[in-house]
Amino acid sequence: MPPASTKAAATSASADTRLSPGAPGYRRTSLALFAAGLAAFALLYSTQALLPAISAEFGATASAASWTVSAATGALALCVLPLSALSERFGRRAMMTASLSVAVGISLLVPFAPDLESLIVLRAIQGAALAGLPASAMAYLAEEVRPKALIAAIGLFVAGNSIGGMSGRIVTGWVAQMWGWRAGLAAVGLTSLLCVIAFRALLPKARHFTPGTLNPKALVSSVRTHLSDPLLVRLYVIGALFMTVFGAVYTVIGYRLVEAPFSLPQGVIGSIFLVYLVGTVSSAAAGRLVGRLGRRGALYLAVSTTTAGLLLSLADSLVSVLAGLVLITAGFFAGHAVASSSVSRTAKTGRAQASALYQSAYYLGSSVGGTLGAIAFHAGGWAGTVLIGLVAVLGVVSVTLYGTHSARVAARRPRLSAACN
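Residues numbered from 1 in each chain as written. Predicted model: local features only at pLDDT ≥ 70, side-chain atom pairs only at ≥ 80, totals over all residues. Heavy atoms only, no water.

Quick look at the packing of helix α6 (residues 92–107) against helix α10 (residues 181–202) now. Where α6 meets α10, the closest approach of the two axes is 9 Å, and the angle between their N-to-C directions is 160 degrees. Classed by the angle they form, the pair α6 and α10 counts as roughly antiparallel. Every pair of crossing elements has a handedness; the one defined by α6 and α10 is left-handed. Of the residues in α10, those in contact with Arg93, Met96, Thr97, Leu100, Val104 and Ser107 of α6 are Gly189, Ser192, Leu193, Val196, Phe199 and Arg200. Residues that form the contact of α6 with α10 fall into these classes: six nonpolar, four polar and two charged. (Axes fitted to C-alpha atoms, helices over the stretch in contact; angles between N-to-C directions. Helix = DSSP H or I, 4+ residues; strand = E, 2+ residues; numbered from the N terminus. Parallel < 35°, antiparallel > 145°, perpendicular 65-115°, else oblique. Left-handed = near helix turned anticlockwise from the far one by under 90°. Contact = heavy atoms within 4.5 Å. Nonpolar A, V, L, I, M, F, W, Y, C, P; charged D, E, K, R; others polar.)

So this is what it looks like as structure tokens:
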């Protein structure tokens with residue numbers, strides 16, 4: 001006869017009605033959130049590959065046009081936390097549907113923006129709306145999917161994010177080359193509309209969501225707790241600094257490649273974002289890197305790779321620039337994977353708010369990086385943008401070294417206390 005503990009475990013497993021591979025609804029849930037991630041990130045970065053064309057039409061500098069990206073990511077950063085609180089009250093499914101619907105609605109207006117200022121305002125509203133997706137998707141999966149199947153489900157959602165960000169830039173680039181940047185944005189909007197329709201049709205109703213009450217005091221208390229944790233704060237800063245590098249490089253790279261000596265057409269520039277596939281590989285390898293080198297060792301390797309890529313990209317050779325982008329992308333995604341996963345492990349309570357704070361810092365870094373990178377490019381060319389990246393990388397090294405020093409000091413304290421006693 002099996003022991004009581006085995007019986008209890010079996011009973012518990014059979015009573016768990018959450019989704020698992022092979023169960024009805026699991027595949028639909030995974031595909032729905034893949035479609036949602038694809039739509040959201042195609043929309044979020046839809047203007048990035050088109051910045052030279054937008055500058056040309058409106059007679060704007062790179063720094064002015066970059067606000068069509070920075071306004072969207074900045075608004076998302078500001079709205080992630082409050083929308084995560086609203087999803088606790090109104091439901092993850094409702095929040096994701098509303099978020100994507102508003103963002104797609106705005107995307108159908110964006111191609112008709114009469115001037116740069118209107119385009120920036122529309123993009124800011126779009127970014128704010130999109131904040132409801134990352135605020136709710138992870139919580140929905142955690143509530144509706146069994147723990148053993150959760151990593152695979154989240155992996156498919158993240159894959160949708162990266163593929164959406166990459167494909168959105170590629171689609172806009174090639175469509176813009178043939179019919180102009182407005183047509184490129186319209187193509188992404190219509191594609192995203194189809195993704196949102198698929199998302200809504202596929203996603204099952206939540207069965208394990210329990211509505212909570214809006215409690216601003218509890219939210220503020222949770223945020224204060226996380227911001228008083230030195231390790232979490234360092235991880236937030238690291239995520240923001242890595243994204244500063246990434247935002248600066250990919251906001252400005254189109255301007256560099258459209259100029260001599262490269263003079264590439266818009267479609268080819270959009271295809272440069274295929275380099276994102278390297279990030280998918282390096283993100284997956286981050287766990288193994290941490291296992292071999294430890295968290296700090298993996299961060300130092302990510303920093304070294306990113307730095308090498310920045311320096312290599314300075315050469316006036318297309319091969320060198322592409323190789324530099326490969327290294328920058330690999331280093332960024334590895335560093336981001338290490339920092340973001342460490343947040344989940346470090347936070348003991350209020351993990352949703354801890355993750356939302358990381359996302360806020362991450363997208364704020366994207367917004368700041370895009371703006372500073374464009375300003376630096378206007379002032380000093382590509383070398384100026386690379387300098388911004390190197391300063392951010394130096395910041396990551398400084399924060400990591402400080403963390404190493406703090407850990408050593410903390411480890412010595414028990415030994416000193418024991419010696420005194």
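There is more to say after this.
So, on to α10. Look at α10: 32 Å from first C-alpha to last across 22 residues, which is about the 32 Å you get at 1.5 Å a residue. Among the residues of α10, Trp181, Gly184, Leu185, Val188, Gly189, Ser192, Cys195, Val196 and Phe199 are the ones counted as buried. Taken down its axis, α10 places every buried residue within 130 degrees of arc, on the same side. With respect to the buried face of α10, the exposed residues turned more than 90 degrees away are Leu194, Ile197 and Ala201. (Expected span 1.5 Å × (residues − 1). Buried < 20%, exposed > 50% of the residue type's maximum accessible area, 1.4 Å probe, protein only. Arc of directions from axis to C-beta.)

On to unusual backbone geometry, then. Note: most peptide bonds trans; most residues except glycine with negative phi. Residue Pro261 follows Ala260 across a cis peptide bond; omega there is 10 degrees. Along the chain, Pro261 falls in the loop between α12 (230–258) and α13 (266–271). One non-glycine residue, Ser263, lies in the positive phi region at around 50 degrees. With respect to the secondary-structure elements, Ser263 resides in the loop between α12 and α13.

The next point concerns the confidence of the model for the protein. Considering every residue of the protein, the mean pLDDT works out to 85; 89% of them sit at 70 or more. The least confident element of the protein is helix α1 (residues 4–15), whose mean pLDDT is 44; the most confident is helix α7 (residues 116–130), at 97. (pLDDT = per-residue confidence, 0-100.)

Moving on, we get to the environment of Ala206. Looking at where Ala206 falls in the secondary structure, it is placed in the loop between α10 and α11 (216–227). Between the C-alpha atom of Ala206 and that of Ala94, which follows or precedes it by 112 residues, the distance is 9.7 Å. If we ignore the near neighbours within four places in the chain, the residues touching Ala206 are Arg93, Tyr140 and Glu144.

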